[in-house]
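# Chains, contacts and geometry: an overview
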Protein chains: 2
Amino acid sequence: MGDSLPRIVLYDTTLRDGSQGEGIQFSVEDKLRLAQRLDELGVDVIEGGWPGANSRDSLFFDRARHLRFKGRLAAFGATRRPGIRPEDDAGLRGLLQAETGVITVFGKSWLLHVRESLGIQARENLDLVYDTIDFLKKRVGTVIFDAEHFFDGYKDDPDFAIQVLRAAQSGGADALTLCDTNGGTLVFELEEIVQKTITLVPHIPLGIHCHNDSGLAVANTLAAVRAGVLQVQGTINGIGERCGNANLTTVIPNLMLKMGRETGISRERLQSLTRLSRWMDELVNRSPRKDQPFVGRAAFAHKGGIHVSAVVKNSRTYEHVDPELVGNQRRILISDQAGRSNLIARLAEFGIHGVVADDPKLKELLGEIKDLENQGYQFEGADASFELRARRALMQMPVYFETEGFRVIDERRSRGNDDDKVMGAEATVKVTVGKTALHLVGEGAGPVDALHTALLKALEWAYPGIRNMQLLDYKVRILQGEGTKAKVRVLIEWQDEVRQWSTVGVSDHIIAASYDAMVEAVNYKLFKDQVDQVS
Amino acid sequence: MGDSLPRIVLYDTTLRDGSQGEGIQFSVEDKLRLAQRLDELGVDVIEGGWPGANSRDSLFFDRARHLRFKGRLAAFGATRRPGIRPEDDAGLRGLLQAETGVITVFGKSWLLHVRESLGIQARENLDLVYDTIDFLKKRVGTVIFDAEHFFDGYKDDPDFAIQVLRAAQSGGADALTLCDTNGGTLVFELEEIVQKTITLVPHIPLGIHCHNDSGLAVANTLAAVRAGVLQVQGTINGIGERCGNANLTTVIPNLMLKMGRETGISRERLQSLTRLSRWMDELVNRSPRKDQPFVGRAAFAHKGGIHVSAVVKNSRTYEHVDPELVGNQRRILISDQAGRSNLIARLAEFGIHGVVADDPKLKELLGEIKDLENQGYQFEGADASFELRARRALMQMPVYFETEGFRVIDERRSRGNDDDKVMGAEATVKVTVGKTALHLVGEGAGPVDALHTALLKALEWAYPGIRNMQLLDYKVRILQGEGTKAKVRVLIEWQDEVRQWSTVGVSDHIIAASYDAMVEAVNYKLFKDQVDQVS
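Presented here is a report on the structure given in the accompanying data block.

Rules used in this analysis
- Residues numbered from 1 in each chain as written.
- Chains lettered and ligands numbered in written order.
- Predicted model: local features only at pLDDT ≥ 70, side-chain atom pairs only at ≥ 80, totals over all residues.
- Heavy atoms only, no water.
- Pairing = 2+ DSSP bridges.
- Helix = DSSP H or I, 4+ residues; strand = E, 2+ residues; numbered from the N terminus.
- Axes fitted to C-alpha atoms, helices over the stretch in contact; angles between N-to-C directions.
- Contact = heavy atoms within 4.5 Å.
- Buried area = accessible area lost by both parts, 1.4 Å probe.
- Salt bridge = Lys/Arg side-chain N within 4 Å of Asp/Glu carboxyl O.
- Polar contact = N/O pair within 3.5 Å; in protein donor to acceptor, adjacent residues only side chain to side chain.
- Nonpolar A, V, L, I, M, F, W, Y, C, P; charged D, E, K, R; others polar.
- Core = buried A, V, L, I, M, F, W, Y, C linked by side-chain atoms within 4.5 Å.
- Buried < 20%, exposed > 50% of the residue type's maximum accessible area, 1.4 Å probe, protein only.
- Left-handed = near helix turned anticlockwise from the far one by under 90°.
- Right-handed = clockwise from strand over helix to strand, strands pointing away.

Here 6 strands make up an open sheet; going across it, the order is 16(A)-15(A)-14(A)-14(B)-15(B)-16(B) and the pairing antiparallel. A single partner strand is all that each edge strand has here, and the edge strands are strand 16 (500-507) of chain A together with strand 16 (500-507) of chain B. Between one strand axis and the next, the sheet turns by 15 degrees as a mean value, whatever way the strands run. Sheet topology note: the strand 14 (residues 470-478) of chain A/strand 14 (residues 470-478) of chain B ladder contains 3 bridges and is antiparallel. Directly across from A:Lys475, in strand 14 of chain B, lies its bridge partner B:Arg477.

What follows deals with the interface of chain B and chain A. Opposite the 112 residues of chain B that make contact, chain A presents 114 residues. Here chain B meets chain A over a buried area of about 9300 Å², counting both sides, of which 50% is carbon and sulfur. The interface formed by chain B and chain A includes 9 salt bridges. For A:Arg407, the salt bridge goes to B:Glu411, with nearest N and O atoms at 3.1 Å. At the junction of chain B with chain A, the criterion picks out 42 residue pairs in polar contact (both at pLDDT 80 or more). Broken down by element, the side of chain B that touches chain A gets its largest block of residues, 11 residues, from strand 11 (residues 402-413) of chain B. Its residues placed into classes, the side of chain B that touches chain A shows 40 nonpolar, 36 polar and 36 charged.

Moving on, we come to the nonpolar core. A:Phe145, A:Phe150, B:Phe145 and B:Phe150 are the most contacted members of the largest nonpolar core, which has 191 residues in total. Apart from the residues lying within four places of it in its own chain, the contact partners of A:Phe150 are A:Ser109, A:Ala161, A:Ile162, A:Leu165, A:Leu178, A:Cys179, A:Ile193 and A:Thr197. Counting 93 residues, the second largest nonpolar core, distinct from the first, contains A:Ala512, B:Tyr400, B:Phe401 and B:Met469.

A few words on the packing of helix 9 (residues 217-227) of chain A against helix 10 (residues 248-258) of chain A. All names here are of chain A. Their axes nearest at 10 Å, the elements helix 9 and helix 10 cross at an angle of 35 degrees. Once helix 9 is placed against helix 10, the crossing between them reads as right-handed. Contacts between helix 9 and helix 10 pair Val-218, Thr-221, Leu-222 and Val-225 from the former with Thr-250, Val-251, Asn-254 and Leu-255 from the latter.

What follows deals with the pairing of strand 8 (residues 231-234) of chain B. Residues and elements named next belong to chain B. On strand 8, burial covers both faces: Gln-231 and Gln-233 on one face and Val-232 and Gly-234 on the other are all buried. Here 3 bridges tie strand 7 (residues 206-210) to strand 8, and the two strands are oriented parallel to one another. Each residue of the ladder has a partner; that of Ile-208, found in strand 8, is Val-232. Crossover strand 7 to strand 8 through helix 9 (residues 217-227) is right-handed.

Written out as structure tokens, the structure reads:
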């Protein structure tokens, strides 16, 4: 089936439209990391943001320029403002300054918006679209036109909506994206409109951009592809304004595994989809949706007794696809027999080979992990913590130092006025390196900083390398428990000049959890530095 | 459009298939309350559970018998076991003992399952289905047959799948449900199979039962209705095994508001859908999905500046339906793109009316918010913090108490062994209530808990109401800055017996940020309690 069908171009807008989701706020650093992950996956176009409109997005493009991508970056913006020549439009200048290979501009294709939002007539809107595309196309390789509210516009006045697309095509656009901006279009309506549009606007690739306000973004995207669309827009985990955008972690496996369509993602890379999805949730600090199709923790979890016995005999009985194809795994919620081979595969990822299934140390490690996961640890976002525990269980981990306790004093002196507040923290730590017991004190902006200072002071004489490790990210989330006594999970990301790693700590005491994650990160660094020296 | 189309029967399986979702465990009491809520909404058939297979479900039916329902209860079970006469089958006896008006039995319609799970031949399976329906139909008013794996079965062997339906029809079934049990069927496949089935098995109403493993349960359900299906199965909030069932809170508004179909739910009752959805999440103790179509908190939330100014002029510009139709509401999010019109729209949501655009206090407030947002505050997830600042800027906020500072001591005594760790926190706070200066100490599991204890001690004599506020969620994320000295943002969600609210604190000292958010939450509660008393 797949061979005769054209390849689908994947256009990711997580960094741009995804950032419109409630509670989503990407730093420039987040954006750069996410762009690289998307590029590794094999996404064709990565829409980075709206330069000019947002200083953070401009900075992103400045820094992204120095990175190497296999795919292409796109800068996003609006058509020129009414009454202004393209060359005088600050927005268009901002787009060009991003120096990307692709520029995507959106324009109005619904008369309601043309009249009410822009306050202009139909004719002038066609000029805006034509001028803008024409201006950009003379200055950049690829120009994509996003027809905002295309489906609502078409339902309202099909002639006008089609004229807008033709104006963009005449201006030289390389592709036209049909947007269901309000997410209100039903599948059969959308399919019919796409079919008609393909006939009315031939000789140019069409794309699709769906929102999920009717719970149909994925279905609409797939229907558009079936009707002949060649470019698919969406976001990782479906994040985006209101109910979100088409979820690429659902769209991609449906396209590749069920509709036999090729994309820039290889079958091998598709297996990283689950990991990318969970990493993304960590990035935006929200709990992954267990019931997310394909990549959720419960997507292949079997609970009912009948289901479990059938699925053990033949997984096709209750699984629509093989979970490994997307890097997910089957979970039998009552038995833990499945775990051991998974664990061996996971260890191999860290370069720990040759562990056999009946090694008692493996069983012990599995038990420890299950126990910790029940307490609320989650190793998905904390590879370093996982590796350390595995190496300890397999007796492959040296002891660099031991911790014996700590004390932190936080103090705010204040006379009620913000300017008078004096805040600080002092920490003392006790550690033993070999036979030397150390007790040191550090000051800091806050308790984590003070503990970090004290721990460095205690260890740097023995391990000077640890001075150049730095905290990169710090996140806390509540787990189980009641009110202010609830257990929290602290996830910290670290870096030095050669690597990045993350560690996790869990406790009903936030500072204790932070300190545990910090101690683990130091151990990880010392181990990796030692391995590097040996090899 | 709607008048000529037949009414759709809503069949809810939240209590049965919904309870297969990971982490879902209903008590009998929960089930009874949920059944009543579904009945009030106007659902036609409420599937209560599998009596006999599950003692909790049997008890539910015993107790439900004494309640008054407008709709009908259904008991669910399997066809008789191979080699056993219907009258000797314990499962079928259990179904009859539930004494419901409707009995639903499922049977196999995929040969793979007939052979591998039941271990019998095709012919014998047809007998099972016929016998079972025939036996039940002589003893109960309505019998529905659920054809498990119908779509996979049809793709594998259409003749067999259709024969199974005909066997149930011959046995006297009142309706036949086509189930996409594994959730793997794409919309166009499902639509085609339903169309063919309607032609091949006429003179009996068909139903649809979809799972969401491909993210298509809602789309598939709507496509089946369009193809002629008359009965729709699903669950509230889409809970169910693996990726869940078709979400009725999405299906129902699509059917009624977009496809012009009538159901047992009146237009007026439809407005209780949002409340039912949130109540349901509370029942199963999980945070509501903000991005849930129609009923989510973010479903009509607007963030981008362009969107906000357009939606205020004309809500159709960025809303596919009027939020009030499903009992939801529009929300204007304050973000770094905020402008003055955003702010006025936002204030009106809090009941602060009559503020004009050129009010200098408004300008000041906007400046303050932008300034705080530059520091890393985010008011999107912290409605209460935002409202407090607005009311202070507009001189509408009383001073209940003043804070003067605090001190926290965290201590872990340890001898290197996990079991020996002793961890705790002690906090002292200074506050002034009126002219009374207070200095109190509290202990806790961690620093936030200790501060909470101390603050309550200091304030409860003056404001006893604050005792019943509780921390519900706590999140920290890093903002700008370097390493362990970086600024963090603490977001806390609180609740008391009548409301939920959230507050934010930002500082390079995590405990200071937490304390600030806590102090703000107390102020908010005191203000709301006072307003409630006055009105």
